[in-house]
Amino acid sequence: PTTTTTTTTSTTSTNKHRQLINCPILSPLQQQTSLVTFKMRLQTSFDVIVLLLLTCTGAWSFVPPAGGGAAAGTHQYRPSNSYLCIEPLAKEGEWSAYLDADNTGLVYYFNGKTGESRWEPPTATFPKVEETKKEEKTGGFLSAIFASKEEGRQKTANKAVATKTDAAVAVKEDDGDDKPRRGLPFSGLISRIRRRGGGGDSQAAVAVDLEIASHVMPHPEKKKWGGEDYVFTKGRSFGVFDGVSGAEKISGIPLYSLTLAEQMTNFVVDPKRALTPKQLLEGLNKATEFANFGATGASTAIVASVENDGTMHVLNVGDSVAAVIRSGELVARSRDISYFFECPYQLSEEGNRPRDGTKMKTQLAPGDFVVMGSDGVFDNLQMDKVCAMVDQLSTENVSFIARRLCEESRKVSLDDYADTPYAKEAKKAGYEDYEDGLGGKLDDVSCVVVRCS
């Protein structure tokens, strides 16, 4: 059975906080260029030459973003020793399997034609990859190419052996109305985190029922009019819309975020059926078009829908987050998208469009939780904290879990000495109030929690 509960509370307090920057509207080329930030770790001056060669050949490997700790829209890439193996662990068509020995010790899959990288097998017939422990000596970046051995360094990595299987479940990026943009390495990448100890097998699809609840806490200074965060939950679909504080607004006209939430609710005709990826895009397109004529301001948007077999599709425009938690561990996370720190992609009459968002497809199983929240949650709570709270409260009803996550986010936002993801990035950006890298960010807080059974 599917239940939906929405509650709204407010509280008053003061704390250091900032006004959201008005974001410039960039050209399509600038938008594409701003998607990815490359951070290279060069060990010798000769690596520069090799990097140029690898750029031409596409020889890069994906380093997954840390759970909740990375800046919005920033994804790190660096040369990987494991990618430079002469032979892949397994191969089918354009897809090859490689070992990420330098970072996670896990197997990942790389498409040499499109540049896409993922943790799960790309097709149902891809040769199964099993992992066994083996000690290997690895050197620097250049030593991986020329097979030189660097003395004094040893590490344990997983060696994978490929075997054939027909039982693999394919997990891939959703197909939308628009084609993936090309031009940058890994521009179509899905930010996915594999369950530790989960091996190379994908989660088998089974019938999944949902319990869904939401909670919203307005910014104390906005409580008289309800704040700028809104959510929608209907049937097997849900979403979070975070109004942009710095966007110009006209008094007396409905907020952009509220309008998006209302229109997405209206778009879901049959609550018993999930929305397909194309329907998610279509629904958000129609909601955006309606808001452009009848609303004021701007808003980020993240929407999702879960099929009966547990397949979840997510479309994200901005810096809100959808996280899948299984047995207290993060197993999947949507990829947020920003121009720069404090300037997320956002829907508005002159802003971004739904097609500019990132997409995720992942398999849910009974016992999984989905936590979808605005930056009011994930700017203040470390991802490990969110996972731990959900695990501790797993026997409670979902409305209680959603409320507790919002309350904890607000509590941390009022603590000038809290260790938060936002404070670390604000320090890097040179914000004076966060010179010590500590402190919460007071903001609207909204959260949707889904329990799978």
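Residues numbered from 1 in each chain as written. Predicted model: local features only at pLDDT ≥ 70, side-chain atom pairs only at ≥ 80, totals over all residues. Heavy atoms only, no water.

Peer 1: Which residues make up the nonpolar core, and what are the values?
Peer 2: In terms of nonpolar packing, the biggest core is built from 27 residues, with Val371, Val386, Val390, Leu405 and Val449 touching the most fellow members. Elements with a minimum of two residues in this core: β10 (210-217), β15 (321-326), β20 (369-373), α6 (375-378), α7 (383-392), α8 (398-413) and β21 (445-452). Looking at which element gives the most residues to this core, the answer is α8, with 6 residues. The residues contacting Val386, other than those within four sequence positions of it, are Ile325, Val371, Phe378, Leu381 and Leu405. One finds Leu255, Met264, Leu275 and Val317 within the second-largest nonpolar core, a separate group that totals 26 residues. (Core = buried A, V, L, I, M, F, W, Y, C linked by side-chain atoms within 4.5 Å. Buried < 20%, exposed > 50% of the residue type's maximum accessible area, 1.4 Å probe, protein only. Helix = DSSP H or I, 4+ residues; strand = E, 2+ residues; numbered from the N terminus. Contact = heavy atoms within 4.5 Å.)

Peer 1: Go over the pairing of β15, please, and point to the residues and values.
Peer 2: Across the 6 residues that make up β15, a large majority, 6, are buried. Side chains of β15 alternate between two faces, with Val321, Ala323 and Ile325 and Ala322, Val324 and Arg326 buried alike. Here β15 runs beside β20; their pairing, made up of 5 bridges, is antiparallel. Pairing of Ala322 across the sheet is with Met372, part of β20. What sits between β15 and strand β16 (residues 329-333) in their antiparallel hairpin is a turn of 2 residues, with Ser327 showing a positive phi close to 55°. (Pairing = 2+ DSSP bridges.)

Peer 1: I'd love a proper account of the environment of Ser299, names of residues and values included.
Peer 2: Within the element layout of this structure, Ser299 appears in strand β13 (residues 299-306). Sequence separation of Ser299 and Ser348 is 49 residues, and the distance between their C-alpha atoms is 6.8 Å. Excluding residues within four positions of it along the chain, Ser299 makes contact with Phe241, Asp242, Gly243, Val244, Tyr256, Ser257, Leu260, Gln346 and Leu347. Within the structure, the side chain of Ser299 is placed 3.3 Å from the backbone oxygen of Asp242, a separation counted as a polar contact. (Polar contact = N/O pair within 3.5 Å; in protein donor to acceptor, adjacent residues only side chain to side chain.)

Peer 1: Describe in detail helix α4 (residues 256-267), supporting the description with residues and values.
Peer 2: Between its first and last C-alpha atoms α4 spans 16 Å; for 12 residues at 1.5 Å apiece the expected length is 16 Å, and the two agree. Every buried residue belonging to α4 is among Tyr256, Ser257, Thr259, Leu260, Ala261, Gln263, Met264 and Phe267, and all of these are buried. Looking at the buried side of α4, the elements it contacts are β11 (229-234), β12 (237-243), α5 (277-294) and β13. (Expected span 1.5 Å × (residues − 1).)

Peer 1: Account for the side chain of Asp229, naming residues and giving values.
Peer 2: Mapped onto the secondary structure, Asp229 falls in strand β11. Despite its burial, Asp229 pairs with no opposite charge, the nearest such side chain being Lys222 at 6.8 Å. Here the side chain of Asp229 touches Ser374 through a polar contact of 2.9 Å, side chain to side chain. Only 3.0 Å separates the side chain of Asp229 from the side chain of Ser446, close enough to count as a polar contact. Excluding residues that lie within four positions of it along the chain, Asp229 makes contacts with Val216, Phe241, Asp242, Gly243, Ser374, Asp444, Val445 and Ser446. (Lys, Arg positive; Asp, Glu negative; His and termini not counted. Salt bridge = Lys/Arg side-chain N within 4 Å of Asp/Glu carboxyl O.)

Peer 1: Before we move on, could you go through the pattern of salt bridges and cite the residues and values that matter?
Peer 2: With the rule as written, the count across this model stands at 15 salt bridges. Note that Arg403 is salt-bridged to Glu407, the shortest N-O span being 3.0 Å. One end of the pair, Arg403, and the other, Glu407, are both in helix α8, 4 residues apart, so they sit about a helical turn from each other. The class of Arg403 is partly exposed, set by a relative accessible area of 30%.

Peer 1: Any details on the confidence of the model for the protein chain? Residues and values, ideally.
Peer 2: Model confidence for the protein chain is summarised by a mean pLDDT of 74, while 62% of its residues fall at 70 or above. Predicted confidence is poor over residues 57-86, with pLDDT under 50, and the contacts of this stretch with residues over four places away or in other chains come to 97 contacts. (pLDDT = per-residue confidence, 0-100.)

Peer 1: Lay out a negative patch on the surface in plain terms, naming residues and giving numbers.
Peer 2: On the surface, Asp415, Asp416, Glu432, Asp433, Glu435 and Asp436 cluster together to form a negatively charged patch. You can see Glu435 is positioned in the loop between α9 (421-428) and β21. (Patch = residues over 30% accessible without salt bridge, like charges linked within 9 Å, V, L, I, M, F, W, Y side chains within 5 Å. Areas by Shrake-Rupley, 256 points an atom, 1.4 Å probe, with all protein chains shown as cover. Charge placed at Lys NZ, Arg CZ, Asp CG, Glu CD.)

Peer 1: Requested: an account of α7, with residues and values cited.
Peer 2: Given 3.6 residues to a turn, an α-helix orients residues that are three or four positions apart in the same direction. Turning to α7, its buried residues are Met383, Val386, Cys387, Met389 and Val390. Buried positions in α7, seen along its axis, are confined to an arc of 165° and lie on one side of it. Every exposed residue of α7 that faces more than 90 degrees away from the buried side is listed here: Asp384 and Gln392. In this structure, the buried side of α7 is in contact with β15, β16, β20, α6 and α8. (Arc of directions from axis to C-beta.)

Peer 1: Could you give an account of the environment of Ala402, naming the residues involved and the relevant values?
Peer 2: Mapped onto the elements of the fold, Ala402 is located in helix α8. The sequence separation of Ala402 and Ser446 amounts to 44 residues, and the corresponding C-alpha distance is 8.7 Å. Those residues in contact with Ala402 that lie beyond four places of it in its chain are Ala213, Ser214, His215, Cys447 and Val449.

Peer 1: Tell me about the sheet that holds β13, and name the residues and values.
Peer 2: With respect to topology, 5 strands assemble into an open sheet ordered β11-β12-β13-β14-β19, the strand pairing being antiparallel. Only two strands of the sheet have a single neighbouring strand rather than two, namely β11 and β19 (358-363). The sheet shows a mean angle of 10° between the axes of neighbouring strands, taken without regard to direction. Across 6 bridges, the pairing between β13 and strand β14 (residues 311-317) is antiparallel. Residue Ser305 lies in a different strand from β14, and its bridge partner there is His313. (Axes fitted to C-alpha atoms, helices over the stretch in contact; angles between N-to-C directions.)

Peer 1: An account of the packing of aromatic side chains is requested, with residue identities and associated values reported.
Peer 2: Counting across every chain of the model gives 5 aromatic pairs. Ring centres 5.4 Å apart and planes at 40° place the aromatic pair Phe341 and Tyr422 in the tilted group. With Phe341 in the loop between β17 (338-340) and β18 (343-344) and Tyr422 in helix α9, this residue pair connects regions lying 81 residues apart in the sequence. Residue Phe341 is classed as buried on the basis of its relative accessible area, which comes to 19%. (Phe/Tyr/Trp six-rings, centres within 6.5 Å; stacked < 30°, edge-to-face > 60°.)

Peer 1: Describe unusual backbone geometry, listing the residues and the values that go with them.
Peer 2: Unlike most non-glycine residues, Ser327 shows phi in positive territory, near 55°. Position of Ser327 relative to the elements: it lies in the loop between β15 and β16. The phi torsion at Glu342 lies on the positive side, around 75°, for a residue other than glycine. Relative to the helices and strands, Glu342 is located in the loop between β17 and β18. A residue is classified by how much of its surface remains accessible, and Glu342, at 7% relative accessible area, is buried.

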